[in-house]
Amino acid sequence: MTRPREKARSTIAEINREEIWRDGGCSSQENADKQPHGGTMNELEYNLIHRFNVGDALSRSRARYPTKVALDLLGQQLTYRELDGLSNRMARVLWDAGVRRGTTVSFLAPNSAEYIAAFFGCARVGAALAPINHWLTAGEIDYLLEKVHATALVVAPGLIERLNLEGKALGEIPIRFVLAQETTTKGFHPLLQMLNQA
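Residues numbered from 1 in each chain as written. Predicted model: local features only at pLDDT ≥ 70, side-chain atom pairs only at ≥ 80, totals over all residues. Heavy atoms only, no water.

Novice: It is not clear to me how the pattern of salt bridges should be interpreted in this structure. Could you clarify?
Specialist: Within this structure, the stated rule accounts for three salt bridges. For R62, the salt bridge identified is with D84, shortest N-O distance 2.8 Å. Here R62, found in helix α4 (residues 54-64), pairs with D84, found in helix α5 (residues 80-97); they are 22 residues apart in sequence, far enough to count as distant. Using a relative accessible area of 2% as the deciding quantity, one classes D84 as buried. Of the charged contacts in the structure, one is a salt bridge between R92 and D96, with a shortest N-O distance of 3.2 Å. Of the two residues, R92 and D96 are both situated in helix α5; the distance of four residues between them amounts to about one turn of the helix. Here the residues in one salt-bridge network are R62, D84 and R124, joined through shared partners. (Salt bridge = Lys/Arg side-chain N within 4 Å of Asp/Glu carboxyl O. Helix = DSSP H or I, 4+ residues; strand = E, 2+ residues; numbered from the N terminus. Buried < 20%, exposed > 50% of the residue type's maximum accessible area, 1.4 Å probe, protein only.)

Right, dumping it as structure tokens:
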């Protein structure tokens, strides 16, 4: 009797084996069947667990469908190529600001292309994205910021007034961005301007 986990692994391996060969993960079926990591998992499983992440999935989609629409949000359309480029720039801005693997980025803004890019950009640098619903009250936002222990915060310009700028939770977040070309809010960097320059 096959255990569910073993069945899932073999199914993933069968589905993705040809794709991994084609993309350079394995040079042949013989190499894919070897178990180079202590005999416990094959190269495909190792790659799926340790080397590929959500950001890689977007890059693969960009390679396959560069001109197809990846995102259609509020009248704004981005192709896979454009979304992948925006995500790469987001990852670069976050990395340059000090976001690293294992850290958390809170995102307080309505749905936008930048939100999707932040999701993929965080995956690419190894950080987690903690979205915060923009309909929450100031007290609820402050509570979530305190619980998340974020390294960075991205906030929409119209939502800055809901932040407790003198609060302990916000004071513990060293990296702060406002989703705008310019900002006059002390301690916040203009994310859109930085994305255009990246």
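Novice: What should I look at first to understand the nonpolar core in this one?
Specialist: It is characteristic of soluble globular proteins that their nonpolar side chains tend to be buried jointly. Of all hydrophobic cores here, the largest spans 45 residues; its most connected members are V99, V105, L145, V155, L163 and L191. Discounting chain neighbours no more than four positions away, the residues touching V105 are L94, V99, C122, A128, L129, A130, A152 and V154. (Core = buried A, V, L, I, M, F, W, Y, C linked by side-chain atoms within 4.5 Å. Contact = heavy atoms within 4.5 Å.)

Novice: I'm lost on helix α6 (residues 113-125) in this one. Help?
Specialist: Think of an α-helix as 3.6 residues a turn; residues three or four steps apart then line up on the same face. Between its first and last C-alpha atoms α6 spans 18 Å; for 13 residues at 1.5 Å apiece the expected length is 18 Å, and the two agree. All of the buried residues in α6 are A113, E114, A117, A118, F120, G121, C122, A123 and V125. Two residues or fewer after α6 comes G126, characterised by a positive phi angle close to 90 degrees. (Expected span 1.5 Å × (residues − 1).)

Novice: Can you walk me through the packing of aromatic side chains in this structure?
Specialist: By the definition in use, this model includes three aromatic pairs. Look at Y65 and Y80: their rings are 6.1 Å apart centre to centre, the planes differ by 45 degrees, and that puts the pair in the tilted class. Taken as a pair, Y65 in the loop between α4 and β1 (69-73) and Y80 in helix α5 lie far apart in primary sequence, 15 residues in all. For Y65, a relative accessible area of 35% puts it in the partly exposed group. A relative accessible area of 21% places Y80 in the partly exposed class. Between F119 and F120, the ring centres sit 5.2 Å apart and the planes meet at 75 degrees, which makes this aromatic pair edge-to-face. Look at F120 and you get buried, because its relative accessible area is 14%. R100 extends its terminal NZ or CZ atom over the ring of W95, reaching a point 3.7 Å from the ring centre. The cationic tip of R176 hangs over the ring face of F188; the distance from NZ or CZ to the ring centre is 5.9 Å. (Phe/Tyr/Trp six-rings, centres within 6.5 Å; stacked < 30°, edge-to-face > 60°. Lys NZ or Arg CZ within 6 Å of the ring centre and 35° of its normal.)

Novice: What exactly am I supposed to notice about the pairing of strand β2 (residues 76-79) here?
Specialist: Side-chain direction in a regular strand flips from residue to residue, so the side chains alternate between the two faces of the sheet. Of the strand pairs in this sheet, β1 and β2 are connected by four bridges, and their pairing is antiparallel. Note on β2: the bridge partner recorded for D72 is Q77. In this structure, the hairpin formed by β1 and β2 is closed by a connection of two residues, where L74 is found at a positive phi of approximately 50 degrees. (Pairing = 2+ DSSP bridges.)

Novice: Please clarify how unusual backbone geometry should be interpreted in this entry.
Specialist: For L74, which is not a glycine, the phi torsion comes out positive at approximately 50 degrees. Its place among the elements puts L74 in the loop between β1 and β2.

Novice: Looking at this structure, how should I read the sheet that holds strand β7 (residues 189-190)?
Specialist: Consider a sheet: its strands pair through backbone hydrogen bonds, and that pairing is either parallel or antiparallel. As summarised here, the arrangement of the five strands in space is β4-β3-β5-β6-β7, forming an open sheet in which the pairing is parallel. Strands at the two margins of the open sheet, each flanked by one partner only, are β4 (128-132) and β7. The pairing of strand β6 (residues 175-178) with β7 spans two bridges and is classified as parallel. Residue pairing for β7: V178 is matched across the bridge by P190. Lying over the sheet, α6 contacts β3 (104-108) and β4, oriented at roughly 150 degrees with respect to β4. (Axes fitted to C-alpha atoms, helices over the stretch in contact; angles between N-to-C directions.)

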